[in-house]
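Single-letter residue listing:
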Amino acid sequence: MRLRLGAAALCMALLLTGCGAAAQESSPDTGTESEVPSASTDIFAMDTYMTVTCYGERCEEAVEAAENEIRRLDDLLSVGNADSEISVVNRDGTGTVSEDTAEMVAEALSLYDTTGGAFDITVYPLMELWGFTTGAFAVPDAAALADALAASGSDKVTLDGGIVTLPEGQGIDLGGIAKGFTSARLMEIFKEYDLVSGVVSLGGNVQCYGTKPDGSLWRCGIQDPNHPDSDSYLGVLSLADKAVITSGAYERYFVDEATGETYHHILDPKTGYPANNGLLSVSVVSANGMLADGLSTACYVMGLKQSIDYWRSYGSDFDLILMDESGEVYVTEPIAEQFTSDFTVHVISQEGVS
Ligand code: ADP
Ligand code: MG
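What comes next is a walk through the structure. In this text, all values refer to a predicted model and were calculated from it rather than measured experimentally.

### Comments concerning the pattern of salt bridges
Part 1 of the argument: Overall, the coordinates contain ten salt bridges when judged by the stated rule.
Part 2 of the argument: The partner of Asp47 in a salt bridge is Arg252, and the shortest N-O contact between them spans 2.8 Å. Placement of Asp47 in the loop between strand 4 (38-45) and strand 5 (48-55) and of Arg252 in the loop between strand 13 (243-248) and strand 14 (253-255) is noted, with a sequence separation of 205 residues between them.
Part 3 of the argument: Given the relative accessible area of 31%, Arg252 is considered partly exposed.
Part 4 of the argument: Linking Glu69 and Arg185 is a salt bridge whose minimum nitrogen-to-oxygen distance equals 2.6 Å. One end of the pair, Glu69, is in helix 2 (residues 59-77); the other, Arg185, is in helix 7 (residues 178-192), and 116 residues separate them in sequence.
Part 5 of the argument: The exposure class of Arg185 is buried, given its relative accessible area of 15%.
Part 6 of the argument: Through salt bridges with shared partners, a single network forms among Glu69, Arg72, Asp100, Arg185 and Glu188.

### Points about the sheet that holds strand 7 (residues 158-160)
Part 1 of the argument: On the basis of which strands lie adjacent, the open sheet formed by three strands has the order 6-8-7 and antiparallel pairing. Every other strand in the sheet has two partners, leaving strand 6 (94-96) and strand 7 as the edge strands with one partner each. The average angle at which neighbouring strand axes cross in this sheet is 15°, direction not considered.
Part 2 of the argument: Of the pairings in the sheet, the one linking strand 6 to strand 8 (residues 163-165) comprises three bridges and is antiparallel in character. Paired with Gly95 across the strands is Val164, a residue of strand 8.

### Let's talk about the site of ligand 1
Part 1 of the argument: Of all residues adjacent to ligand 1, which total 19 residues, the nearest are Asp173, Lys179, Ser247, His265 and Leu267.
Part 2 of the argument: Protein chains bury 95% of the 570 Å² of accessible surface belonging to ligand 1 in isolation.
Part 3 of the argument: With three residues, the top contributor of residues to the shell around ligand 1 is helix 8 (residues 289-314).
Part 4 of the argument: Here the shell around ligand 1 is composed, by residue class, of eight nonpolar, six polar and five charged.

### Here's the deal with the pairing of strand 13
Regular strands show a simple pattern: their side chains alternate between the two faces of the sheet.
Part 1 of the argument: In terms of residue burial, strand 13 counts as a mostly covered element, since six of its six residues are buried.
Part 2 of the argument: Alternating positions in strand 13 separate into two faces, Ala243, Ile245 and Ser247 on one and Val244, Thr246 and Gly248 on the other, with burial throughout.
Part 3 of the argument: With six bridges joining them, strand 13 and strand 16 (residues 279-286) adopt antiparallel strand pairing. Directly across from Ala243, in strand 16, lies its bridge partner Ser286.

### So, the coordination of the magnesium ion (ligand 2)
Part 1 of the argument: Around the magnesium ion (ligand 2), the donor atoms from the protein are Gly176 (O), Asp293 (O), Asp293 (OD) and Thr297 (OG1), and they sit 2.1 to 2.6 Å away.
Part 2 of the argument: In terms of primary sequence, the donors binding the magnesium ion (ligand 2) are separated according to G-x116-D-x3-T. Here Asp293 lies in helix 8 and Gly176 lies in the loop between strand 8 and helix 7, a separation of 117 residues in the sequence.

### With respect to the side chain of Asp256
Part 1 of the argument: Along the polypeptide, Asp256 turns up in the loop between strand 14 and strand 15 (262-264).
Part 2 of the argument: Here Asp256 occupies a buried position and makes no salt bridge, while the nearest side chain of opposite charge, Arg252, is found at 19 Å.
Part 3 of the argument: In contact with Asp256, not counting residues within four places along its chain, are Val139, Glu261 and Tyr263.

### Quick notes on the pairing of strand 4
Part 1 of the argument: Most of strand 4 sits inside the fold, with six of its eight residues counted as buried.
Part 2 of the argument: Inspection of the sheet shows strand 4 paired to strand 5 by eight bridges, in the antiparallel sense. For Asp42, the partnering residue across the bridge sits in strand 5 and is Thr51.
Part 3 of the argument: Hairpin connection from strand 4 to strand 5: two residues lie between these consecutive antiparallel strands, with Met46 at a positive phi of about 50°.

### Some points on the packing of helix 2 against helix 4 (residues 99-114)
Part 1 of the argument: At a minimum axis separation of 10 Å, helix 2 and helix 4 run at an interaxial angle of 65°. The angle between helix 2 and helix 4 places the two elements in the roughly perpendicular class. Pair helix 2 / helix 4 crosses with right-handed handedness. For the pair formed by helix 2 and helix 4, the contact residues are Arg72, Leu73, Leu76 and Leu77 on the first element and Asp100, Thr101 and Met104 on the second.

### A short note on the side chain of Thr53
Part 1 of the argument: You can see Thr53 is positioned in strand 5.
Part 2 of the argument: For Thr53, a relative accessible area of 7% puts it in the buried group.
Part 3 of the argument: A polar side-chain atom of Thr53 sits 3.2 Å from a polar atom in the side chain of Ser40.

Scoring rules and cut-offs
- Position numbers for residues start from 1 in each chain and track the written sequence from start to end.
- Key to labels: chains lettered from A, ligands numbered from 1, both in the order written.
- Predicted model: local features are reported for residues with pLDDT of at least 70 only, side-chain atom pairs are reported and counted for 80 or more only, and whole-chain, interface and lining totals are derived from all residues.
- Only hydrogens and water are set aside when side-chain values are computed; all heavy atoms of the structure are taken into account.
- Only one rule defines a salt bridge in this text: a Lys or Arg side-chain nitrogen within 4 Å of an Asp or Glu carboxyl oxygen.
- Under the DSSP-based scheme used, a helix requires at least four consecutive residues in state H or I and a strand at least two consecutive residues in state E, with every element numbered from the N terminus.
- Accessible area is worked out with a 1.4 Å probe on protein chains only. A residue is then buried under 20% of its type maximum, exposed over 50%, and partly exposed in between.
- Pairing between two strands requires that DSSP report at least two bridges joining them.
- Helix axes use the C-alpha atoms of the stretch in contact, all axes being lines fitted to C-alpha atoms, and the angles between their N-to-C directions lie in the range 0 to 180 degrees.
- We call a residue near a molecule or strand whenever a single non-hydrogen atom of that residue lies within 4 Å of it.
- To be clear on the numbers: accessible area is Shrake-Rupley with a 1.4 Å probe, and residue cover counts the displayed protein chains and nothing else.
- For this classification, the nonpolar set comprises Ala, Val, Leu, Ile, Met, Phe, Trp, Tyr, Cys and Pro, the charged set comprises Asp, Glu, Lys and Arg, and every other residue, Gly included, is treated as polar.
- The donor set comprises N, O and S atoms within 2.8 Å of the metal, extended to 3.2 Å for Na, K and Ca; water molecules are omitted, so apparent gaps in a site may simply reflect that omission.
- The sign given to each residue is positive for Lys and Arg and negative for Asp and Glu; His and the chain ends receive no count.
- Contact criterion: two residues are considered in contact whenever any of their non-hydrogen atoms come within 4.5 Å of each other.
- Each angle gets one of four labels, with under 35 degrees taken as roughly parallel, over 145 as roughly antiparallel, 65 to 115 as roughly perpendicular, and the rest as oblique.
- Definitions for this section: a left-handed crossing has its near helix turned counterclockwise from the far helix by less than a right angle. A right-handed crossing has that turn clockwise.
- Here a polar contact means two N or O atoms within 3.5 Å. Within protein one must be a hydrogen donor candidate and the other an acceptor candidate, and residues neighboring in sequence count only if both atoms are side-chain atoms.

Structure follows, in structure tokens:
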């Protein structure tokens, strides 16, 4: 469904949520926004709800180009579509992929190395065993899980001149990185159409182009993982020209009726079970959407201490906002001043955690 914003909607300030649909707050003093034409659309793609909003003379064309690009990338990557490039590689064990897919696979393989295997696109057979690919959820049989684990590992995947090759028994899933790649691509489209500003929320993963049309910063509300269906936030980050990508157990999960146990969709590649390393929510903030997405998944798997170590080693182009099981929040120093929260907030720096 396409939604065009009318004049009244243009007088609203966006408070983007880190998960779910974008919520809007009234703001009486943003009259200048109404001078910039805007267009917006809601899309269901990549198994999630997306909103694209553009401000500028060519906003309508930009929204249309963005929607087309989302659909094109979805067709390329979807494991639910038997003809997608990824499905062909998974079926045949090898395949020639487009530059876009190759770029994502290359980034995924590099993240596998730097995260010590926490980010691993070869979790696909494990995702299948848990039923996340079909909706036929079940706790896997131990022997089947052990077999899938033995075959997994991105170190066994090769990418050579656009040809991806997997060993027997492996399959790949770019679900941990695809939405960030897509939001980054949409920023390129916004530039081509000379927009004043723009913002996308792809299943709660937000990326903004420029500032808001009135020149003020965007405000991105990060969902409280303990109350994901409410309007309460873990915190709010002010930002421009960046992605805020969040991973949390509350996003996609099932409950085993026999035991009442909850199982979510981010798997620990070392155990084959849903990751459970003490974090409830990980947001990665970066100008690089694809990196932010891959890392949100990886840090969720790594847990607090390893995520802090990772940021200290590699964090020149990303920042973190984490919530642990006790409900305390951790934010890296470079974005600490732009972040507000009602929770106890610790600041992570190179030297320590305060
Ligand atoms: P979402 O896509 O729900 O926003 P994530 O970015 O954290 O959340 O990605 C989760 C998806 O990534 C899963 O649905 C699955 O496709 C894939 N995935 C799960 N575990 C891993 C992992 N350890 N490494 C890489 N990809 C993973
Ligand atoms: Mg991710």
